[in-house]
Amino acid sequence: MKVARFWEKVGDKVSCRLCPHACLLGNGEWGKCGVRRAVGGRLVAEAYGRVVALAVDPIEKKPLFHFWPGSRVFSIALPGCNLSCQFCQNWEISQMKRGVGTWDGVPQVKPEQIVNEAIKRRCQGIAYTYTEPTVNFEFFFDVARIASKKGLYNVWVSNGMMNPKPVKEISEFVNAVNIDIKSFTDEFYRKICGGVGVKPVLRAIEEFHKNGVWVEITTLVIPELNDGEPEIKKIAEWVKRIDPSIPFHLSRFHPDYHLSGWAPTPEKTLLKLSEVARVAGLNYVYVSNMTGADGGQTRCPACGTPLLERRGFLITENRLSGANKCPKCGRVLEMMGKVIKGSGGSVI
Ligand code: SF4
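Residues numbered from 1 in each chain as written. Predicted model: local features only at pLDDT ≥ 70, side-chain atom pairs only at ≥ 80, totals over all residues. Heavy atoms only, no water.

## Examining the overall build of the chain
Looking only at helices and strands, the chain has eight helices and 16 strands in total. For 348 residues, the compact-globule estimate of 2.2 N^0.38 gives 20 Å, and the chain sits close to it at 20 Å. Projected onto its principal axes, the C-alpha positions of the chain cover 65 × 45 × 35 Å. Relative to its 348 residues, the chain shows a buried fraction of 54%. A sequence separation of at least 24 residues applies to 68% of the contacts in the chain between residues at least 6 apart. Here the chain has roughly 14,600 Å² of accessible surface; of this, 50% comes from carbon and sulfur atoms. (Helix = DSSP H or I, 4+ residues; strand = E, 2+ residues; numbered from the N terminus. Rg over C-alpha atoms; globule rule 2.2 N^0.38 Å. Buried < 20%, exposed > 50% of the residue type's maximum accessible area, 1.4 Å probe, protein only. Contact = heavy atoms within 4.5 Å. Areas by Shrake-Rupley, 256 points an atom, 1.4 Å probe, with all protein chains shown as cover.)

This is how it looks when you write it as structure tokens:
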């Protein structure tokens with residue numbers, strides 16, 4: 001049994017302080033995330049070490065386009081999430097609740113096994129992804145600490161529903177994050193995602209950025225729900241205030257889970273919104289899940305020269321000169337780590 005972190009006793013209950021839900025739990029009760037439970041006056045991280053998904057991915061799949069481009073990242077997931085988005089594409093594992101879906105029978109692995117496996121599979125780093133890493137903070141913190149010592153990078157792919165203290169602690173070992181801004185309205189977070197609002201997400205992004213962690217942002221654009229130009233403009237303007245060189249990914253929605261009868265996002269909507277974000281002042285805007293467009297190309301924000309070409313998630317061309325400079329105008333691109341051409345991962 002792994003005793004959880006970030007909780008306190010409130011009378012005969014325990015209050016979890018890991019995320020903004022602040023679940024107050026009586027003995028035996030589970031938090032909204034379905035993986036933390038009050039047991040005998042303590043909060044327990046019940047899913048510690050229960051890996052329900054793993055793969056070797058290209059880092060671009062997270063998506064991270066300016067952090068170790070082309071590198072192979074060992075991607076792992078434990079069950080659970082503190083949101084319940086109606087459009088979730090990983091709902092079988094993110095919404096896995098004990099007694100509904102279950103991780104009973106999933107073997108418990110040790111943090112060092114994950115790190116050793118990542119090294120064995122020739123990965124440059126580890127990603128905590130597919131479900132919400134925050135709700136299994138204890139396991140991922142333990143993995144990230146060991147990975148960091150062994151020279152691997154750590155990547156946190158999150159919905160941003162985290163309180164400032166855990167953000168600060170994980171920032172010590174996490175090198176890059178991709179955080180969703182699912183909408184700029186509290187109503188969307190509450191009605192569509194079962195969240196408490198957008199503010200905690202924005203606060204987490206600011207904290208990660210302040211702590212020196214490389215940040216990229218993703219918005220999944222869903223027809224009729226968050227595809228208005230004013231909303232995308234507000235998101236882009238907010239990101240610009242933090243840092244105009246934070247890469248912004250606009251991702252195309254495909255019908256899934258409770259929105260399986262919904263229409264996919266028209267590609268022209270994505271392209272139009274990407275222009276809105278550029279005009280708002282962002283240096284790097286990408287579109288993903290498209291069929292034909294070259295949304296994966298990285299251009300110099302000063303002169304427009306195409307510098308990194310991608311086919312799918314693969315880096316096919318790197319025209320950056322030393323120190324990530326544009327060879328035409330000399331602008332230094334915001335880019336962390338090495339660019340690895342023609343590498344990328346493969347699903348295992
Ligand atoms: S992490 Fe889970 S238990 Fe803790 S407050 Fe959030 S939803 Fe509740």
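Next comes the rest of the write-up.
## Comments concerning the sheet that holds strand 14 (residues 298-299)
The strand order across the open sheet formed by three strands is 14-15-16, and the pairing between neighbours is antiparallel. Single-partner strands in this sheet number two, and they are strand 14 and strand 16 (314-318). Relative to strand 15 (residues 306-311), strand 14 runs antiparallel, the two being bridged by two bridges. Along strand 15, the bridge assignment pairs Arg-299 with Pro-306. (Pairing = 2+ DSSP bridges.)

## Comments concerning the pattern of salt bridges
According to the stated counting rule, one finds 21 salt bridges in the structure shown. Linking Arg-319 and Glu-309 is a salt bridge whose minimum nitrogen-to-oxygen distance equals 3.1 Å. Of this pair, Arg-319 sits in the segment after strand 16 while Glu-309 is found in strand 15, placing the two residues 10 residues apart along the sequence. Judged by its relative accessible area of 36%, Arg-319 is partly exposed. Taking the relative accessible area as the measure of exposure, Glu-309 reaches 18% and is therefore buried. (Salt bridge = Lys/Arg side-chain N within 4 Å of Asp/Glu carboxyl O.)

## Regarding the state of the cysteines
Counted according to the given criterion, the structure contains zero disulfides. Among the cysteines around Cys-81, which has no disulfide bond, Cys-85 carries the closest sulfur, lying 6.2 Å off. Here Cys-326 is not disulfide-linked; the sulfur of Cys-303 is the nearest cysteine sulfur, at 3.6 Å. (Disulfide = S-S within 2.5 Å.)

## Here we look at helix 8 (residues 267-279)
Between its first and last C-alpha, helix 8 extends 19 Å over 13 residues, near the 18 Å set by a 1.5 Å rise per residue. Every buried residue of helix 8 is listed here: Thr-269, Leu-270, Leu-273, Ser-274, Val-276 and Ala-277. All buried residues of helix 8 lie within an arc of 155 degrees about the axis, which places them on one face of the element. Exposed side chains of helix 8 directed beyond 90 degrees from the buried face belong to Lys-268 and Val-279. Elements in contact with the buried residues of helix 8: strand 11 (214-221), helix 7 (229-242), strand 12 (248-252) and strand 13 (285-288). Just downstream of helix 8 lies Gly-281, where phi reads positive at about 115 degrees. (Expected span 1.5 Å × (residues − 1). Arc of directions from axis to C-beta.)

## Description of the sheet that holds strand 7 (residues 72-77)
Strand order in the open sheet formed by eight strands is 6-7-8-9-10-11-12-13, with mixed pairing between adjacent strands. Only two strands of the sheet have a single neighbouring strand rather than two, namely strand 6 (53-58) and strand 13. Between one strand axis and the next, the sheet turns by 20 degrees as a mean value, whatever way the strands run. Sheet analysis places strand 9 (residues 153-158) next to strand 10 (residues 176-180), joined by four bridges and oriented parallel. Paired with Val-155 across the bridge in strand 10 is Ala-176. Running over the sheet, helix 2 (residues 111-120) touches strand 7 and strand 8 (125-128) and is turned about 150 degrees from strand 7. (Axes fitted to C-alpha atoms, helices over the stretch in contact; angles between N-to-C directions.)

No statement about biological role is implied by the geometric values presented.
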